[in-house]
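Survey of secondary and tertiary structure
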Amino acid sequence: MGNIILTGDRPTGKLHIGHYVGSLKRRVELQNSGDFEKMFIMVADAQALTDNFSNPAKVRENITEVALDYLACGIDPSKATIFLQSYVAELTELTFYYMNLVTLARLERNPTVKNEIKQKAFGESIPVGFLNYPISQTADITAFKANVVPVGEDQLPMIEQAREIVRSFNNLYGETLVEPKAVLPENKSCLRLPGTDGMAKMSKSLGNCIYLADSADEIKRKVMSMYTDPNHIQVSDPGNTSNNPTFIYLSAFANDGHFQRYLPDYTNLDEMKAHYERGGLGDMKVKRFLNNVLQETLEPIRTRREELAKDIPAVWDMLREGSHKAKETAAATLTEVKNAMKINYFD
Ligand code: ATP
Ligand code: MG
């Protein structure tokens, strides 16, 4: 049996270049390799509501945006099933049964949850739905029997928790669920792309993003005002490239062809980094090059996105079709789960 792949994104905003290098690019490569049995891509609207419940309109609007981002990046609905989480009610039912297998202390110990609670300033008033989201994410993964989950580094604790739930379930009720494995980007710079402000993670909630849909002018403006090495004041000063988002972005995006086209002073990034580190390379030059690299990478995505945005009803038709298909698969798993738990009373 081949791999079953599941990934998803929260429709809390448009997708950004962190999503692209962290997960989206890998999904498109996997999809085009043909080396899988099934591939599901979930727009996690129900999960987005756990911390945006007072603003469902925001989530609704961003479903369209995320779907456009997928298609623009090359996700092909004839190969990958794109679906809406809330449409697949079976996921909620699975969540309910998995909730019995997890303690409150374990949820509170989840490092990503801990971090996000702090970031969202919930204080003592943590919504139960939010705290529960690692369990609901386990339902999402297991409903499709996904064994491969391509994600950014921040999601590792989620996958670990999912594996624990699967093991508990299988131990208690018999082999039913499949243990998932996270697949991280191979390029270290892509594990957790920092924000343009130098914060550890580019994130929709932090407003430090370059979006796939940004215009050429917006990209340029954002790149030119990026945080760099604060101690690199004079061009002649030695600079730091490892904590410097401009160089991290270059490691994620630049190839030797970009140097030939836009900055033939260097043959590759290592040479450019060495120059910055010993001093004599100014931030403006780095940013101009980064801008060229990003413009070249994002232009075709943006153009395709603009084309697709002319027919939004077609995007929603695609989502409807994918959601129906996903629901069938999840329903079959739910039946197996209920059989395993012997709560299939009327069968
Ligand atoms: P939010 O702030 O609403 O949580 P987000 O920007 O973190 O949004 P998600 O929808 O939570 O985005 O994440 C979707 C996927 O993208 C996950 O696999 C996550 O690991 C990955 N991802 C998100 N941000 C980055 C980043 N900066 N670098 C690498 N991968 C990322
Ligand atoms: Mg997130």
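Residue indices begin from 1 for each chain and proceed along its sequence in written order. Lettering of chains starts at A and numbering of ligands starts at 1, both following the order in which they are written. The predicted origin of the model limits local features to residues at a pLDDT of at least 70 and limits the giving and counting of side-chain atom pairs to 80 or more, whereas totals for whole chains, interfaces and linings rest on all residues. Water and hydrogen atoms were dropped before computing side-chain values, which therefore reflect all heavy atoms in the structure.

1. Quick notes on the pattern of salt bridges
If the charged atoms of two oppositely charged side chains come close together, the side chains can form a pair. Selection criterion: Note on definitions: salt bridges are taken to be side-chain nitrogens of Lys or Arg within 4 Å of carboxyl oxygens of Asp or Glu. A helix here means a DSSP run of H or I that spans at least four residues, while a strand means a run of E at least two residues long, and both kinds are numbered starting from the N terminus. Residue exposure (1.4 Å probe, protein chains only): buried if accessible area is under 20% of the type maximum, exposed if over 50%, otherwise partly exposed.
Under the definition given, this model contains 21 salt bridges. One salt bridge connects D69 with R305, and the closest N-O pair in it is separated by 2.6 Å. One end of the pair, D69, is in helix α3 (residues 56–73); the other, R305, is in helix α14 (residues 283–308), with 236 residues separating them in the sequence. Of the two residues examined, D69 and R305, each falls in the buried class. R163 is paired through a salt bridge with E179; the nearest N and O atoms lie 3.2 Å apart. Placement of R163 in helix α9 (residues 156–173) and of E179 in the loop between α9 and β5 (181–183) is noted, with a sequence separation of 16 residues between them. Residue E179 is classed as partly exposed on the basis of its relative accessible area of 31%. Through salt bridges that share partners, E160, R163, R167 and E179 make up one connected network.

2. Things to note about the environment of I17
The topology assignment puts I17 in helix α1 (residues 17–33). With 305 residues separating them along the chain, I17 and G322 place their C-alpha atoms 25 Å apart.

3. Section: the packing of aromatic side chains
What counts is decided by this rule: We call Phe, Tyr and Trp rings a pair once their centres come within 6.5 Å, taking the six-membered ring for Trp, and we label the pair stacked below 30 degrees between planes, edge-to-face above 60, and tilted otherwise. Ring-over charges, as used throughout, are those where CZ of Arg or NZ of Lys falls within 6 Å of the ring centre and within 35 degrees of the ring normal.
All chains considered together, the criterion is met by 11 aromatic pairs. Where F247 meets Y276, the ring centres are 4.7 Å apart and the plane angle is 55 degrees; that geometry is what we call tilted. With F247 in helix α11 (residues 245–253) and Y276 in helix α13 (residues 269–278), this residue pair connects regions lying 29 residues apart in the sequence. Across the pair, exposure class does not vary: F247 and Y276 are buried alike. A connected cluster of aromatic rings, assembled from ring pairs, spans F40, F83 and F144. Sitting over the ring of Y87, K327 keeps its end group 5.6 Å from the ring centre.

4. Section: the side chain of T241
The test is simple: Between N or O atoms, a polar contact is any pair within 3.5 Å; within protein, one atom must be a potential hydrogen donor and the other a potential acceptor, and residues adjacent in sequence are included only when both atoms are from side chains.
Take T241: it is sitting in the loop between α10 (216–224) and α11. Overall, T241 belongs to the buried group, its relative accessible area being 7%. Side-chain polar atoms of T241 contact the side chain of E277, separated by 2.4 Å.

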